[in-house]
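Spelled out from the first residue to the last, the chains are:
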Amino acid sequence: MTILKLAGISHHYFSKNGYTKALEDISFSLERGEFISILGPSGCGKSTILSIIARLLQHTSGDIFIHEVPIKESKEEIGYMLQQDYLFPWKTVLQNVLLGPKIQKREDEAIEDRANVLLQEVGLSNVKNQYPTELSGGMRQRAALVRTLMNNPEIFLLDEPFSSLDFQTKLKLEDLVATILNQYEKTTILVTHDIGEAIAMSDRIIMMEANPGRIVKIYDVPTELRAESPIVARKHDAFQPIFDTIWQELEKKEKSGEGI
Amino acid sequence: MKPLKDEQLYEAYQKGLKKERKIVLTWQVGIAVIFFLCWEISSRLYIIDPLLFSSPSKIFDLILTRIANGSLFVHVSVTLFETLLGFLIGTIGGVLIATSLWYSNRFANIMDPYLVIFNAMPKVALGPILIVALGPGYLSIIAMGFIISVIVTTLVVYRAFLEVDRNYTMVLRSFGANQSQIFKEAIFPASLPVMISTLKVNVGLSWVGVIVGEYLVSKQGLGYLIIYGFQVFDFSLVMASLVIIAILAALMYKGVEKLEAWLMKHTK
Ligand SMILES: Nc1ncnc2c1ncn2[C@@H]1O[C@H](COP(=O)(O)OP(=O)(O)OP(=O)(O)O)[C@@H](O)[C@H]1O
Ligand SMILES: [Mg+2]
């Protein structure tokens, strides 16, 4: 079942002094429960794609369908985890997590239980009454993850959630996210700079180039890697070949002066 | 034995702090004492004209008799009341105007030149117009205290609203928040520190507005006492009023500082 379909999406940012063409002719679709990654150089429009799918930006041309309904008419809940955690410093972890339900005016005991369960699952229940500034980077990311999960979105958008973390924390968090998203059968788009992360976590990888942002290639991750958890997948025999393929493609781009 | 050593180090550090505090306090008291002593002596020895510059003892006497016969209380309470009201209305009004500017970009664009003009204008120059419009009474004086702080508050707070990280708004919008929810959950709390810091500025501004207002119209208040003392050549009265204003303004400033600390702690 196709849950999300982008057809010929372009996006321009307009300003007084001119415009930037951030995206050109982006097309891909996502099946239910699928996990795809978007890989590409800085400024190629990765965050822009996510913002458009999250309905925070209006694309300038093309069509997007969610469950075959045009995105504007669709009421489907979409979870968007921004490039940084953006926890509200004046709210406690629990209050941050309950922000979505509060905005949608459906705060009740069941929701609060759900928050507690999720916080427990990511190992934050002992700090839920503390403020974000008192947490480590990894803890903050986990809190932001729970906040995004609270509204039980069908589609889950992650914008470089692990890029600011040290390697070990990052590996652990990748595993945690993979487990949780698997368990709740979320359809996910992950934006990342990290080839290994993209391979370890996803079913497919979309590679983009910049100026204007375009899709270069879409890679299928070998089936034997998809079934494994990210940490195991990184050590799998099938990991290195696809890593090298993608690496070489990126190198080629760089040599041809496209600047990765 | 090691923990004891840490304790001792800490004690020594504390002792150092205490000593430093003592030195600073000694100097502070010393400067005040020397200042008043010089003033008193030079006044008694006619080095300065005692009729014009009065002397600390005369001022002190005057304040005591005025407190005893109750004639000081009226003036102090009138001025305090006007200042507090001007301060409150100015601050709250400024925040409200800033809020409406934030709600409508178009409104903000339309208002822009007027705000610039109003801000650049020396507000006390509007005194006569206020008196004509509102009558020569409390109303004009409070309006003066208000008008002098409201525009600055508006501009500073509006700026703070605009500078709130867009991504907080993005998070809220991804949950489907409307404009009021965005204001309540992100814009307002994120700007609270700025709003609180405008309180301190506004206390000072409101004093200026009210004293100038009292110069112009009133029959009561500390500003009136200064002008009256000046007209009847009673400079002890002028000086006494100044001393009281200085004390009250400093107390109010300290009070707002306390309030600021409290707010910062409890609105986190
Ligand atoms: N609000 C904006 N106004 C104008 N131009 C923008 C805006 N946001 C992004 N752009 C431009 O659009 C292009 C794509 O930006 P985007 O943030 O989507 O890139 P990205 O792939 O997410 O980059 P990064 O990996 O650095 O996060 C860039 O050239 C950027 O300068
Ligand atoms: Mg980005």
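What counts as what
- Residues numbered from 1 in each chain as written.
- Chains lettered and ligands numbered in written order.
- Predicted model: local features only at pLDDT ≥ 70, side-chain atom pairs only at ≥ 80, totals over all residues.
- Heavy atoms only, no water.
- Phe/Tyr/Trp six-rings, centres within 6.5 Å; stacked < 30°, edge-to-face > 60°.
- Buried < 20%, exposed > 50% of the residue type's maximum accessible area, 1.4 Å probe, protein only.
- Near = heavy atom within 4 Å.
- Polar contact = N/O pair within 3.5 Å; in protein donor to acceptor, adjacent residues only side chain to side chain.
- Helix = DSSP H or I, 4+ residues; strand = E, 2+ residues; numbered from the N terminus.
- Nonpolar A, V, L, I, M, F, W, Y, C, P; charged D, E, K, R; others polar.
- Contact = heavy atoms within 4.5 Å.
- Pairing = 2+ DSSP bridges.
- Axes fitted to C-alpha atoms, helices over the stretch in contact; angles between N-to-C directions.
- Donors = N, O, S within 2.8 Å, 3.2 Å for Na, K, Ca; no water.
- 1 Å grid on protein atoms, 1.4 Å probe; cavity = no way out; pocket = protein on both sides within 12 Å on 5 of 7 lines; lining within 4 Å.
- Points joined across faces, edges and corners; volume = space filled by probe spheres on them.
- Buried area = accessible area lost by both parts, 1.4 Å probe.
- Salt bridge = Lys/Arg side-chain N within 4 Å of Asp/Glu carboxyl O.
- Patch = residues over 30% accessible without salt bridge, like charges linked within 9 Å, V, L, I, M, F, W, Y side chains within 5 Å.
- Areas by Shrake-Rupley, 256 points an atom, 1.4 Å probe, with all protein chains shown as cover.
- Lys, Arg positive; Asp, Glu negative; His and termini not counted.
- Charge placed at Lys NZ, Arg CZ, Asp CG, Glu CD.
- Left-handed = near helix turned anticlockwise from the far one by under 90°.
- Domains from an automatic or database assignment.
- Core = buried A, V, L, I, M, F, W, Y, C linked by side-chain atoms within 4.5 Å.

### Looking at the packing of aromatic side chains
Residues and elements named next belong to chain B. Evaluated as defined, the whole model comprises 19 aromatic pairs over all chains. Relative to Phe36, the ring of Phe35 lies with its centre 5.3 Å away and its plane at 70°, an arrangement referred to as edge-to-face. Look at Phe36 and you get partly exposed, because its relative accessible area is 39%. Taken together, the aromatic side chains of Trp102, Tyr103, Phe161, Phe183 and Phe188 make up a single cluster linked through ring pairs.

### As for the site of ligand 1
Residue and element names in this part refer to chain A. All residues adjacent to ligand 1 are Tyr13, Ala22, Ser42, Gly43, Cys44, Gly45, Lys46, Ser47, Thr48, Gln83, Glu160 and His193. At a separation of 2.5 Å, an oxygen atom of ligand 1 approaches a polar side-chain atom of Ser42. Within the side chain of Glu160, one N or O atom sits 3.4 Å away from an oxygen atom of ligand 1. Looking at the shell around ligand 1, the element that brings in the most residues is helix H1 (residues 46-53), giving three residues. Per-class residue counts for the shell around ligand 1 are three nonpolar, seven polar and two charged.

### A few points about the environment of Ala177 of chain B
Mapped onto the elements, Ala177 of chain B comes out in the loop between helix H8 (166-174) and helix H9 (179-216). Taking the C-alpha atoms as reference points, Ala177 of chain B and Ser104 of chain B, separated by 73 residues in sequence, lie 17 Å from one another. Residue contacts for Ala177 of chain B: discarding those within four places in its chain leaves Ile103 of chain A together with Leu172 and Ile182 of chain B.

### Side note on the sheet that holds strand S8 (residues 187-192) of chain A
All names here are of chain A. Strand order in the open sheet formed by six strands is S6-S7-S8-S3-S9-S10, with mixed pairing between adjacent strands. Both outer strands of the open sheet, strand S6 (78-81) and strand S10 (214-220), are each paired with one neighbouring strand and no more. Across the sheet, the axes of successive neighbouring strands diverge by a mean angle of 15°, strand direction being ignored. Lying on the sheet, helix H5 (residues 137-149) is in contact with S6 and strand S7 (155-159); it crosses S6 at an angle near 165°.

### Concerning the coordination of the magnesium ion (ligand 2)
When a metal holds four donors in a tetrahedron, each ideal angle between them is 109.5 degrees; when it holds six in an octahedron, the ideal angles are 90 or 180 degrees. Looking at the magnesium ion (ligand 2), the protein donor atoms are Ser47 of chain A (OG) and Gln83 of chain A (OE1), and they sit 1.9 to 2.6 Å from it. Note that Ser47 of chain A is positioned in helix H1 and Gln83 of chain A in the loop between S6 and helix H2 (93-97), a separation of 36 residues in sequence.

### Quick look at empty space enclosed by the protein
Applying the stated criterion to the full structure yields four cavities of 30 Å³ or more. Approximately 60 Å³ is the volume attributed to the largest cavity. Forming the walls of the largest cavity are Tyr80, Met81, Leu82, Gln84, Asp85, Ala144, Arg147 and Thr148 of chain A together with Val171, Ser174 and Phe175 of chain B. Elements with a minimum of two residues in the lining of the largest cavity: S6 and H5 of chain A together with H8 of chain B. If one sorts the elements of the lining of the largest cavity by residue count, H5 of chain A sits on top with three residues.

### Overview of the interface of chain A and chain B
Between chain A and chain B, the residue contacts involve 22 residues of the former and 19 residues of the latter. Note on chain A versus chain B: buried area summed over both sides is about 1,900 Å², and carbon and sulfur give 64% of it. By the criterion of area lost to chain B, the three top residues of chain A are Leu56, Trp90 and Ile103 of chain A, representing 37% of everything that side buries. Linking chain A with chain B are two salt bridges, by the criterion used here. Ionic pairing is found between Glu185 of chain B and Lys102 of chain A, a salt bridge with its closest N-O pair at 3.0 Å. Those elements that place two or more of their residues in the side of chain A that touches chain B are S6 and helix H3 (99-103) of chain A. Top element by residues in the side of chain A that touches chain B is H3 of chain A. It accounts for four residues. Split into classes, the residues belonging to the side of chain A that touches chain B amount to twelve nonpolar, four polar and six charged.

### Some words on a negative patch on the surface
Together, Glu107, Asp108, Glu109, Glu112 and Asp113 of chain A line one region of the surface with negative charge. Here Asp108 of chain A lies in the loop between H3 and helix H4 (109-121).

### With respect to the packing of helix H4 (residues 71-103) of chain B against helix H7 (residues 138-163) of chain B
Residues and elements named next belong to chain B. Running from N to C, H4 and H7 cross one another at 35°; their axes reach a closest spacing of 6 Å. Along this stretch, H4 crosses H7, giving a crossing that reads as right-handed. Tallied by class, the residues present in the contact of H4 with H7 amount to 18 nonpolar, ten polar and one charged.

### Concerning a nonpolar patch on the surface
Residue and element names in this part refer to chain B. A surface patch of nonpolar side chains, amounting to about 680 Å² of accessible area, comprises Leu25, Val29, Val33, Leu37, Ile41, Leu45 and Ile47. For Val29, the position within the fold is in helix H1 (residues 2-44). A residue is classified by how much of its surface remains accessible, and Val29, at 46% relative accessible area, is partly exposed.

### Quick word on a positive patch on the surface
All names here are of chain B. Taken together, Lys15, Lys18, Arg21 and Lys22 make up a surface patch of like positive charges. Considering the arrangement of structural elements, one finds Arg21 in helix H1. Taking the relative accessible area as the measure of exposure, Arg21 reaches 55% and is therefore exposed.

### Digging into the side chain of Thr48 of chain A
Residue and element names in this part refer to chain A. Along the chain, the position of Thr48 falls in helix H1. By relative accessible area, which is 7% here, Thr48 ends up buried. Only 3.0 Å separates the side chain of Thr48 from the side chain of Tyr13, close enough to count as a polar contact.

### Looking at the domain arrangement of chain B
How large an interface is tends to be reported as the accessible area lost when its parts come together. Partitioning chain B into domains gives domain 1 (6-48) and domain 2 (70-266). Of note, the centres of domain 1 of chain B and domain 2 of chain B, computed from C-alpha atoms alone, are 35 Å apart.

### What to know about the nonpolar core
In this structure, Leu4, Leu6, Ile49, Leu157 and Ile189 of chain A are the most contacted members of the largest nonpolar core, which totals 84 residues. Per-element tally for this core: the top contributor is H9 of chain B, with eleven residues. Here Leu157 of chain A is in contact with Leu50, Ile53, Ala54, Ile78, Gly79, Tyr80, Met81 and Ile189 of chain A, once residues within four sequence places are set aside. One finds Leu98, Ala115, Phe156 and Leu165 of chain A within the second-largest nonpolar core, a separate group that totals 32 residues.

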